[in-house]
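If you want the building blocks of each chain, they are given just below.
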Amino acid sequence: VSAASGRGAGHLLRIDPLLMLAGVGLSLCSFVVLHALNVHPYVGEYKRQAEYAGLGVVVALLISRFDYSRLREFRYVTYGLMIFLTLAVFAFAAPGGGAGGSQRRIPLPGFTFQSSSFGMVLLILALSAFAVERSRRMNEHRTTARILLLGLIPAMIVMAQSDLGDALIYGLIATAVLFFLGVSWKHLSALAVLVVVASVAVLTVAPALGVHVLKKY
């Protein structure tokens with residue numbers, strides 16, 4: 001007990017002080033930017049940002065008391081919820097979408113919900129659980145392929161919503177999980193080659209043939 005009590009309030013709250021400091025710093029930067037950008041339609045937006053930042057701190061404190069390793073038992077539910085929320089954009093998004101015809105948010109009373117951003121958190125939880133499950137077979141091709149497929153499915157759904165940025169982040173999440181899992185460098189190298197080839201095909205070869213995969217925003 002004495003050893004635990006000597007570790008300070010940071011340990012009792014299960015919060016990384018550097019991570020918390022980084023979050024507070026980013027929030028302060030957003031306040032400064034929004035306050036300086038005090039023009040229509042951003043008049044007073046920094047106040048709303050401060051409210052959400054405070055709510056985020058409260059949520060973070062609550063989550064810090066939860067042993068999220070238990071979520072491994074609900075990996076299928078977590079992944080299914082992420083897919084459902086991502087698909088829900090097509091049913092509930094406002095007609096016409098956003099910039100460039102994109103459909104990214106679900107309109108709710110008083111605010112809009114961007115399911116793709118929340119889905120990133122769910123994807124990290126789900127893929128991490130799947131990775132732990134196959135940690136003893138991390139060098140098998142099947143492990144790499146399965147995690148990549150689980151990451152590419154929501155990425156393709158988000159890309160269909162004309163949200164290329166979030167779709168790329170979904171792919172990066174799957175790659176990061178593979179990296180921290182410790183899969184063979186041969187698998188990661190092959191994946192890097194595939195990404196380069198696909199990028200060249202989409203950005204150079206396809207437009208030259210008259211096929212425009214990406215739309216202008």
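Presented here is an overview of the structure given in this document.

Rules used throughout
Starting from 1, residues in each chain are numbered consecutively following that chain's sequence as written. Local features are withheld for residues below a pLDDT of 70 in this predicted model, meaning they are given only at 70 or higher, and side-chain atom pairs are given and counted only at 80 or more; totals for whole chains, interfaces and linings count all residues. The side-chain figures draw on all heavy atoms in the structure; neither hydrogens nor water molecules are used. By definition, any uninterrupted DSSP run of H or I lasting at least four residues is a helix, any uninterrupted run of E lasting at least two residues is a strand, and each is numbered from the N terminus. Working definition: with a 1.4 Å probe on protein chains only, accessible area under 20% of the residue-type maximum means buried, over 50% means exposed, and in between means partly exposed. Accessibility throughout is a Shrake-Rupley quantity obtained with a 1.4 Å probe, and a residue counts as covered only by protein chains that appear here. As used in this record, nonpolar core signifies buried Ala, Val, Leu, Ile, Met, Phe, Trp, Tyr and Cys residues forming a set joined through side-chain atoms within 4.5 Å. Residue contacts are counted whenever heavy atoms from the two residues lie within 4.5 Å of one another. Patch membership is restricted to residues that have no salt bridge and whose relative accessible area is over 30%. Joining uses 9 Å for like charges and 5 Å for the nonpolar side chains Val, Leu, Ile, Met, Phe, Trp and Tyr. Salt bridge, as used here: a side-chain nitrogen of Lys or Arg that lies within 4 Å of a carboxyl oxygen of Asp or Glu. Between rings of Phe, Tyr and Trp, where Trp is taken as its six-membered ring, a pair exists when centres lie within 6.5 Å; planes separated by under 30 degrees are stacked, by over 60 edge-to-face, and by other angles tilted. Fitted lines through C-alpha atoms give the axes, limited to the stretch in contact for helices. The angle between two N-to-C directions lies from 0 to 180 degrees. When an angle is under 35 degrees it counts as roughly parallel; over 145 it counts as roughly antiparallel; between 65 and 115 it counts as roughly perpendicular; any other value is oblique. With the far helix as reference, a near helix turned anticlockwise by less than a right angle produces a left-handed crossing, and one turned clockwise produces a right-handed crossing. By the convention adopted, Pro, Cys, Tyr, Trp, Phe, Met, Ile, Leu, Val and Ala count as nonpolar, Lys, Arg, Asp and Glu as charged, and the other residues, Gly among them, as polar. Multiplying one less than the number of residues by 1.5 Å gives the expected span of a helix. The arc in question is formed by the directions pointing from the helix axis toward the C-beta atoms.

## Considerations on the overall build of the protein chain
Counting its regular elements, the protein chain contains nine helices and two strands. Listing the helices and strands of the protein chain from first to last along the sequence gives α-α-α-α-α-β-β-α-α-α-α. Expressed as a percentage of the 217 residues in the protein chain, the buried residues total 26%. Total accessible area on the protein chain stands at roughly 14600 Å², and carbon and sulfur atoms take up 70% of it.

## Thoughts on the nonpolar core
Counting residues in each nonpolar core, the largest one holds 27 residues, and the members touching the most others are Tyr79, Met82, Leu123, Leu127, Ile147 and Tyr170. At the level of elements, helix H5 (75–92), helix H6 (115–133), helix H7 (141–160), helix H8 (164–181) and helix H9 (185–208) are the ones that each hand at least two residues to this core. Each residue touching Leu123, except ones within four places of it in the same chain, is listed here: Tyr79, Met82, Leu150, Gly151, Pro154, Tyr170 and Ile173.

## Some details on a nonpolar patch on the surface
On the surface, Tyr52, Leu55, Val59 and Ile63 cluster together into a nonpolar patch covering about 380 Å² of accessible area. Structurally, the position occupied by Tyr52 is in helix H4 (residues 45–64).

## Brief notes about the packing of aromatic side chains
Inspection of the entire model under this criterion finds four aromatic pairs. Considering the side-chain rings of Phe179 and Phe180, the 5.3 Å spacing of their centres and the 80 degrees angle between planes classify their relative orientation as edge-to-face. Exposure remark for Phe179: the relative accessible area of 44% places this residue in the partly exposed category. Of the residues examined, Phe180 reaches a relative accessible area of 70% and is grouped as exposed. Here the aromatic rings of Phe179 and Trp185 are separated by 6.0 Å at their centres, their planes lie at 75 degrees, and the arrangement is edge-to-face. On the basis of relative accessible area, Trp185 is assigned to the exposed category, the value being 60%.

## Some points on the packing of H7 against H8
At their nearest, the axes of H7 and H8 sit 8 Å apart, and the two run at 165 degrees to each other. The angle between H7 and H8 falls in the class roughly antiparallel. Taken as a pair, H7 and H8 cross one another with a handedness that is right-handed. Across the interface between the two elements, Thr143, Thr144, Ile147, Leu148, Gly151, Pro154, Ala155, Val158 and Met159 from H7 touch Leu164, Asp166, Ala167, Tyr170, Ala174, Val177, Leu178 and Leu181 from H8. Across the contact of H7 with H8, the residue classes tally to 13 nonpolar, three polar and one charged.

## Here's the deal with H8
Given a rise of 1.5 Å per residue, 18 residues ought to cover 26 Å, and the 26 Å separating the end C-alpha atoms of H8 matches this to within 8%. For H8, every residue scored as buried is listed here: Asp166, Ala167, Tyr170, Ile173, Ala174, Val177, Leu178 and Leu181. All buried residues of H8 lie within an arc of 140 degrees about the axis, which places them on one face of the element. For H8, exposure combined with an orientation more than 90 degrees from the buried face picks out Leu168, Leu172 and Phe180.

## What about the side chain of Thr143?
Inspection of the secondary structure assignment puts Thr143 in helix H7. Excluding anything up to four places from it in sequence, Thr143 contacts Arg134, Arg137, Met138 and Leu181.

## Examining the packing of H6 against H8
Each pair of packed helices can be described by the angle between their axes along with the distance between the axes. Running from N to C, H6 and H8 cross one another at 20 degrees; their axes reach a closest spacing of 10 Å. Taken together, the axis directions place H6 and H8 in an arrangement best described as roughly parallel. You can see that H6 and H8 cross each other, and the crossing is right-handed. Taking contact as the criterion, the partners of Ser115, Ser116, Ser117, Gly119, Met120, Leu123, Ile124, Leu127 and Ala131 in H6 are, on H8, Asp166, Ile169, Tyr170, Ile173, Ala174, Val177 and Leu181. Per-class residue counts for the contact of H6 with H8 are 11 nonpolar, four polar and one charged.

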